[in-house]
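Secondary and tertiary structure notes
As a plain string of letters, each chain reads:
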Amino acid sequence: MKALTIRQPWAGAIVHQSKRVENRTWKLPEKHEGARILIHAAAKPDKWATVYGPNLDVYGAIVGVVTLTGCHFARDLNVCCSEWAEPGVYHWELADVIALPEPVPAKGRLSFWTPDDTVLAAVETQLAEVTR
């Protein structure tokens with residue numbers, strides 16, 4: 001399973017709030033559409049973000065799992081798909097969000113990446129418990 005590193009508070013907003021779109025400057029590769037991916041909270045926060053709420057202070061860890069269901073480009077916000085969306089970027093559509101009960105520490109990377117076997121096993125154990 002691949003992972004995607006996202007800065008806080010955005011990773012937390014995906015898994016603990018209603019953020020169901022990820023704003024990216026690059027189009028979602030077709031091979032990842034429909035895939036389940038891990039959401040990794042980056043080691044450093046987005047210093048310009050103004051989202052507040054619980055569970056947004058975890059850094060350097062896998063915090064949840066989502067399904068990438070689609071991607072579209074938004075030229076402006078008049079035809080916006082979400083309150084979380086930004087104009088002039090690609091909107092990756094997210095669904096089937098599952099927050100992990102306990103963050104799994106991991107070092108992130110740019111773009112899609114594959115966590116090591118220890119991290120994947122820890123995530124799979126929690127997912128088995130959550131989805132029973």
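Here's a quick rundown of the structure. (Residues numbered from 1 in each chain as written. Predicted model: local features only at pLDDT ≥ 70, side-chain atom pairs only at ≥ 80, totals over all residues. Heavy atoms only, no water.)

This paragraph deals with the overall build of the protein chain. Looking only at helices and strands, the protein chain features 2 helices and 6 strands. Order of helices (α) and strands (β) in the protein chain, N terminus to C terminus: β-α-β-β-β-β-β-α. Radius of gyration (C-alpha) of the protein chain: 14 Å, near the 14 Å computed for a compact globule of 132 residues. Each principal axis of the C-alpha atoms in the protein chain carries an extent, and together these give about 45 × 30 × 30 Å. Looking at the protein chain residue by residue over its 132 residues, the buried ones come to 42%. (Helix = DSSP H or I, 4+ residues; strand = E, 2+ residues; numbered from the N terminus. Rg over C-alpha atoms; globule rule 2.2 N^0.38 Å. Buried < 20%, exposed > 50% of the residue type's maximum accessible area, 1.4 Å probe, protein only.)

Before going further, it helps to examine the nonpolar core. Core analysis: the biggest nonpolar cluster contains 15 residues, and Ile14, Ile37, Ile39, Leu68 and Phe112 have the highest contact counts within it. Mapped by element, the contributors of at least two residues to this core are strand S1 (2-6), helix H1 (10-16), strand S3 (36-41), strand S4 (61-74) and strand S5 (89-105). The residues touching Phe112, leaving out its near neighbours within four places in the chain, are Lys2, Ala3, Leu4, Trp26, Leu28, Pro29, His32, Ile37, Leu68 and Trp92. One finds Ile62, Val65, Ile98 and Trp113 within the second-largest nonpolar core, a separate group that totals 13 residues. (Core = buried A, V, L, I, M, F, W, Y, C linked by side-chain atoms within 4.5 Å. Contact = heavy atoms within 4.5 Å.)

Moving on, we come to the layout of surface pockets. Approximately 550 Å³ is the volume found for the largest pocket. Residue lining of the largest pocket: 26 residues in total, with Ile6, Arg7, Trp10, Glu22 and Arg24 positioned closest to the centre. Secondary structure elements with two or more residues in the lining of the largest pocket: S1 and strand S2 (21-24). Partitioning the lining of the largest pocket into residue classes produces 10 nonpolar, 7 polar and 9 charged. (1 Å grid on protein atoms, 1.4 Å probe; cavity = no way out; pocket = protein on both sides within 12 Å on 5 of 7 lines; lining within 4 Å. Points joined across faces, edges and corners; volume = space filled by probe spheres on them. Nonpolar A, V, L, I, M, F, W, Y, C, P; charged D, E, K, R; others polar.)

Attention now goes to the pattern of salt bridges. Evaluation of the coordinates by the stated rule reveals 2 salt bridges. Through salt bridges with shared partners, one network takes in Lys19, Glu22 and Arg24. (Salt bridge = Lys/Arg side-chain N within 4 Å of Asp/Glu carboxyl O.)

Among the structural elements, Thr125 can be located in helix H2 (residues 117-130). On a C-alpha basis, the gap between Thr125 and Pro45 in space is 27 Å, while along the polypeptide they are 80 residues apart.

Inspection of the secondary structure puts Glu93 in strand S5. Judged by its relative accessible area of 27%, Glu93 falls in the partly exposed class. Discounting residues that sit within four places of it in the chain, Glu93 has contacts with Arg20, Thr67, Leu68, Thr69, Gly70, Cys71 and His72.

Let's shift gears to the sheet that holds S1. The strand order across the open sheet formed by 6 strands is S2-S5-S4-S3-S1-S6, and the pairing between neighbours is mixed. The two strands at the open ends of the sheet, each matched to only one other strand, are S2 and strand S6 (112-113). Pairing analysis gives 6 bridges linking S3 to S4, with the strands arranged antiparallel. Bridge pairing in S4 links Ile37 to Val66. Here H2 sits on the sheet in contact with S3, S4 and S5, set at roughly 90° to S5. (Pairing = 2+ DSSP bridges. Axes fitted to C-alpha atoms, helices over the stretch in contact; angles between N-to-C directions.)

The subject of this paragraph is the packing of aromatic side chains. This structure, assessed with the given rule, holds 5 aromatic pairs. Ring centres of Trp10 and Trp84 lie 6.3 Å apart, and the angle between their planes is 85°; on these two criteria the pair is classed as edge-to-face. On the criterion of sequence distance, the pair formed by Trp10 in helix H1 and Trp84 in the loop between S4 and S5 is long-range, its members being 74 residues apart. Trp10 gets classed as partly exposed once you look at its relative accessible area, which sits at 21%. Taking the relative accessible area as the measure of exposure, Trp84 reaches 15% and is therefore buried. Ring centres 5.7 Å apart and planes at 0° place the aromatic pair Trp92 and Phe112 in the stacked group. Within this pair, whereas Trp92 is found in strand S5, its partner Phe112 is found in strand S6, the two being separated by 20 residues in sequence. (Phe/Tyr/Trp six-rings, centres within 6.5 Å; stacked < 30°, edge-to-face > 60°.)

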